[in-house]
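Residue-level structure breakdown
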Amino acid sequence: MNGSPISYSDKKYQVLGTRPIRHDGTDKVTGRAIYTNDVHFPDMLHGKILRSPHPHARIVSIDTAAAEQIDGVFAVMTGKDWPDLKDKIANLGEGAINLADLGANCMALDKVLYKGHPVAAVAARNVHVAEEALALIQVEYEVLPSVIDVQEAMRDDAPILHDDLRTDYLGQKGDKPTNIALHLEFETGDVEKAFASADVVIEREFKTATVHQGYIEPHNSVALWNEDGKLKIWTSTQGAFTCRQQVAELLQIPISSVTVTPCEIGGGFGGKISVYLEPIAAILSRKCGRSVKMVMQRDEVFEATGPTPASFMRVKVGATKDGKLVAGDAHLAYDAGAYPGGVIGPGCMCLFSCVELPNARVHGYDVCLNKPHTQAYRAPGATQAAFAFESVMNELADTLGICPLELRLLNAAKEGTRRVDGPVLPRVGLVECLEAAKNSDHWNTPLEGANRGRGIAAGFWFNIGLKSSVSATVNNDGTVNLLEGSTDIGGTRTSIAMQLAETLGIAAEDVHPKVVDTDSVGYTDVTGGSRTTFATGLAAYEVGLDLKKQLCQRAAVLWECDADAVQFHQGTFSHKGHSLTFRQLAEQLPETGEPVVGRASISKDVSTNGFGVHICDVEVDPETGKVRVLRYTAIQDAGKAIHPSYVEGQLQGGVAQGIGWALNEEYFYRNDHTVANASLLDYRVPTCYDLPMIDTIIVEVPNPDHPYGVRGVGETPIVAPPATLASAIYHACGVRMTELPMSPPKLWKAISLHEK
């Protein structure tokens, strides 16, 4: 049921809300779009990485002499080739990281902290020679005890990953070695007193497994370190500028010496912000004086890049007998992987964000263990938290005999609601999403049949603003060239171009957007946090205002009047009987002076607050525990859907990933703490055979921080699916699942125990 958005605005637009063909569509469907693996140079070498076979070991020695003697090997590197990296926190746009840890994660120094941790690299004539050389590198390890469970890693007697790590709690460092890097605490109101006044209290524990983003294109990079000291990188990244910053900091060279060209990207979802191959390819290139290409295999992607964390959560909620929430308390422990700096912060902040809760407390723990360092994955940290809290909400509704949708309407966050971490919400659209769900065909169609159930849950993600820059040039044929620094992952060339077109009163097709390298446009933060259509779109709006001002001045030259007297309306300039369309004026620009070039940079420290509500019908096979998703509807507030088809696609994509996370996806670990399913044959992502048509309902409650009301939409849709499915499964078979994934073996076991 994909239809027109439900709008709460009376503004009318010419371009926004239409569905033009995407600007990069032809290149994508004809195979002409340039991905990193398409980049070739005549003298290019190929790099490969030797990785640790152990999840935790001290490196006693590395002997690369035999590898260096192989014909066709041009360079070999180890951790000794890094500069002396100091502790320094770098903001990556969707999280921060200690650069010393980042360097050690790219190439181990004295310890390996997970299976797959890089220990050496080779550049050779081809990948086969490189692999032959890797086999000759001798590494002596002192194997150490390892830990991969977040609760076990928090114990005092757990194997310690970092001897110098101390828990940071409210700015104070602990006094003993630990794996708990950070203890967060948020609190508002009087939690204990509120629980004492509650008519009903529900407390449950939840666990989630490690899950990978599952982007199709593996990590890859090409580096060329010129003789003049300039470093050029072509790579698959969500942020060319943060890639440039990381590489420059890791190699201790001026940021102006590094140029990063963001190639087309085959998926990222938060997993392509941190660098892995780029600095290694650069060092190899510097050593051999030639360009070096590096491409990961799928097992390397699973074992050595950043999945989303496993977690342990305890959530307690108190309410009156009529369903009004009075108190909440939560304990969240997230797996950070090998190094501190996971996504526990946003998990804590999102946990209670769909409700008004005057008395709430959240404790969050960032825990190191012997797994790859975790990274963002579409609304990082929020899906785990929502699985726990929304499941408790559904159990509360069943306990009180209240419709779960009405319970959420009764307690819904709205303008003026204060989150547990402090911010007060501006105008948001959760209530409108719940009303749309209540009026939907899905909610009002009875579900019939044995072993079938319906579930509902809500989801929230902040979305972010940050910095974006664009520039634009008016061509004499009435078109506009738009240069931007935001990597296009989900169609943002078009959504940004449409905002410029709307501002100028021209067609979307008359704007020619291009994503350029870091030397060709001003600083732009990552494509992440659902920020690009909002923030870079805002920059496009601002550059449109700049161009309009300049064009009014040019029209004034032609009409010999004051520029302030020139009127502009829907792409037409006019003054006292004179009138020129945008195209007609563009044709006359050479007569009026220099070329018309505009630029804009914005820095918005705001959240655009994306709320969504999901409904799902499932059928459970009690003999096998298999769950079949019968029907799914995602409702979300987009603020203003610039291109409704792309918004629908984002909702459907997020739901598909959320269903995979809920029902099947997880890292399986052997007894020796190595990953047993590091391939797409064994890591069970959903296919078209697992999913129904995912219906979408777009709600438009304008965001007050954007002239067109835009909110980010890409991340919220992955937040609600696990809790939605858990609720549907409960109503299908009477079992409340508290652990992800709710895979057939786990559900079958739970059903069997329930029936005894």
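Reading the values: rules and limits
- Residues numbered from 1 in each chain as written.
- Predicted model: local features only at pLDDT ≥ 70, side-chain atom pairs only at ≥ 80, totals over all residues.
- Heavy atoms only, no water.
- Helix = DSSP H or I, 4+ residues; strand = E, 2+ residues; numbered from the N terminus.
- Rg over C-alpha atoms; globule rule 2.2 N^0.38 Å.
- Buried < 20%, exposed > 50% of the residue type's maximum accessible area, 1.4 Å probe, protein only.
- Areas by Shrake-Rupley, 256 points an atom, 1.4 Å probe, with all protein chains shown as cover.
- Lys, Arg positive; Asp, Glu negative; His and termini not counted.
- Charge placed at Lys NZ, Arg CZ, Asp CG, Glu CD.
- Axes fitted to C-alpha atoms, helices over the stretch in contact; angles between N-to-C directions.
- Left-handed = near helix turned anticlockwise from the far one by under 90°.
- Contact = heavy atoms within 4.5 Å.
- Nonpolar A, V, L, I, M, F, W, Y, C, P; charged D, E, K, R; others polar.
- Domains from an automatic or database assignment.
- Buried area = accessible area lost by both parts, 1.4 Å probe.
- Salt bridge = Lys/Arg side-chain N within 4 Å of Asp/Glu carboxyl O.
- Polar contact = N/O pair within 3.5 Å; in protein donor to acceptor, adjacent residues only side chain to side chain.
- Disulfide = S-S within 2.5 Å.
- Pairing = 2+ DSSP bridges.

- Under an unreviewed UniProt entry, the chain has the name Oxidoreductase and belongs to Blastopirellula marina.

**Remarks on the overall build of the chain**
- Check the secondary structure of the chain and you find 19 helices and 31 strands.
- For 756 residues, the compact-globule estimate of 2.2 N^0.38 gives 27 Å, and the chain sits close to it at 27 Å.
- Projecting the C-alpha coordinates of the chain onto the three principal axes gives extents of approximately 85 × 75 × 50 Å.
- Buried positions account for 61% of the 756 residues belonging to the chain.
- Summed over its atoms, the accessible surface of the chain is roughly 28200 Å², and 50% of this surface lies on carbon and sulfur atoms.
- Charged side chains of the chain number 68 positive and 92 negative; the gap between the two group centres comes to 1 Å.

**So, the packing of helix H11 (residues 382-400) against helix H18 (residues 721-733)**
- Axis separation between H11 and H18 bottoms out at 8 Å; the angle between their running directions is 35°. In this structure, the crossing between H11 and H18 has a hand that is right-handed. Residue-level inspection shows Thr383, Ala386, Phe387, Glu390, Ser391, Asn394 and Asp398 of H11 in contact with H18, the latter providing Pro722, Ala723, Ala726, Ser727, Tyr730 and His731.
- When its residues are assigned to classes, the contact of H11 with H18 shows six nonpolar, five polar and two charged.

**Examining the domain arrangement of the chain**
- Domains assigned within the chain are domain 1 (423-463 + 608-755) and domain 2 (464-605).
- With centres defined by C-alpha atoms, the gap from domain 1 to domain 2 works out at 38 Å.
- With 18 residues of domain 1 at the contact, the number on the domain 2 side is 18 residues.
- Between domain 1 and domain 2 the total buried area reaches about 1300 Å² when both faces are included, carbon and sulfur atoms providing 67% of it.
- When the buried surface of domain 1 facing domain 2 is broken down by residue, Ile642, Tyr646 and Tyr708 rank first, second and third, together holding 37% of it.
- In this assembly, domain 1 and domain 2 are joined by zero salt bridges.
- Remark: the boundary between domain 1 and domain 2 carries six residue pairs in polar contact (both at pLDDT 80 or more).
- Counted by class, the side of domain 1 that touches domain 2 contains eight nonpolar, eight polar and two charged residues.

**Re the environment of Gly478**
- By the element assignment, Gly478 lies in the loop between strand S22 (466-474) and strand S23 (480-484).
- Discounting chain neighbours no more than four positions away, the residues touching Gly478 are Asp510, Phe582, Arg583 and Ala586.

**Some points on the state of the cysteines**
- Using the criterion set out here, one finds zero disulfides in the structure.
- Here Cys263 is not disulfide-linked; the sulfur of Cys243 is the nearest cysteine sulfur, at 11 Å.
- Here Cys616 is not cross-linked by a disulfide; its sulfur's nearest cysteine counterpart is in Cys733, at 13 Å.

**Considerations on the pairing of strand S30 (residues 627-637)**
- Of all 11 residues making up S30, eight are buried, and the element is well covered by its neighbours.
- In this structure, strand S29 (residues 610-620) lies alongside S30, joined through nine bridges in antiparallel fashion. Bridge assignment links Gly612 to a residue of S30, and that residue is Gln636.
- The loop that links S29 with its antiparallel partner S30 comprises six residues; one of these, Gly625, has a positive phi angle of about 80°.
- Note that S30 and strand S31 (residues 694-700) share six bridges and pair parallel. Its bridge partner lying in S31, Gln636 is registered against Ile698.

**As for the pattern of salt bridges**
- Counting across every chain of the model gives 41 salt bridges.
- Here the salt bridges do not stand alone but share partners, grouping Arg22, Asp24, Lys28, Glu264, Asp488 and Arg493 into one network.

**Regarding the environment of Thr492**
- Relative to the assigned elements, Thr492 resides in helix H14 (residues 492-504).
- Look at Thr492 and you get buried, because its relative accessible area is 9%.
- When residues no more than four places from it in sequence are discounted, the contact partners of Thr492 are Glu484, Thr487, Thr532 and Thr533.

**Let's talk about the sheet that holds strand S26 (residues 572-575)**
- Ordered in space as S25-S26-S27, the three strands form an open sheet in which the pairing is antiparallel. Since the sheet does not close on itself, it has two edges, and those belong to strand S25 (567-569) and strand S27 (578-581), each with one partner. Neighbour to neighbour, the strand axes of the sheet diverge by 20° on average, direction disregarded.
- Relative to S26, S25 runs antiparallel, the two sharing three bridges. Residue pairing in the sheet places Gln567 in a bridge with Ser574 of S26.

**A look at the side chain of Asp24**
- Structurally, Asp24 is set in the loop between strand S1 (6-7) and helix H1 (25-30).
- On the basis of relative accessible area, Asp24 is assigned to the buried category, the value being 6%.
- A distance of 2.8 Å separates the side chain of Asp24 from the side chain of Arg22, its partner in a polar contact.
- Here Lys28 takes part through its side chain, which lies 2.8 Å from a polar atom of the side chain of Asp24.

**Observations concerning unusual backbone geometry**
- Pro741 follows Leu740 through a cis peptide bond whose omega is 0°.
- Relative to the helices and strands, Pro741 is located in the loop between H18 and helix H19 (744-755).
- Unlike most non-glycine residues, Ser530 shows phi in positive territory, near 55°.
- Positive phi is not limited to glycine here, since Gln570 has a value of about 50°.
- In this fold, Gln570 is placed in the loop between S25 and S26.
- Exposure remark for Gln570: the relative accessible area of 48% places this residue in the partly exposed category.

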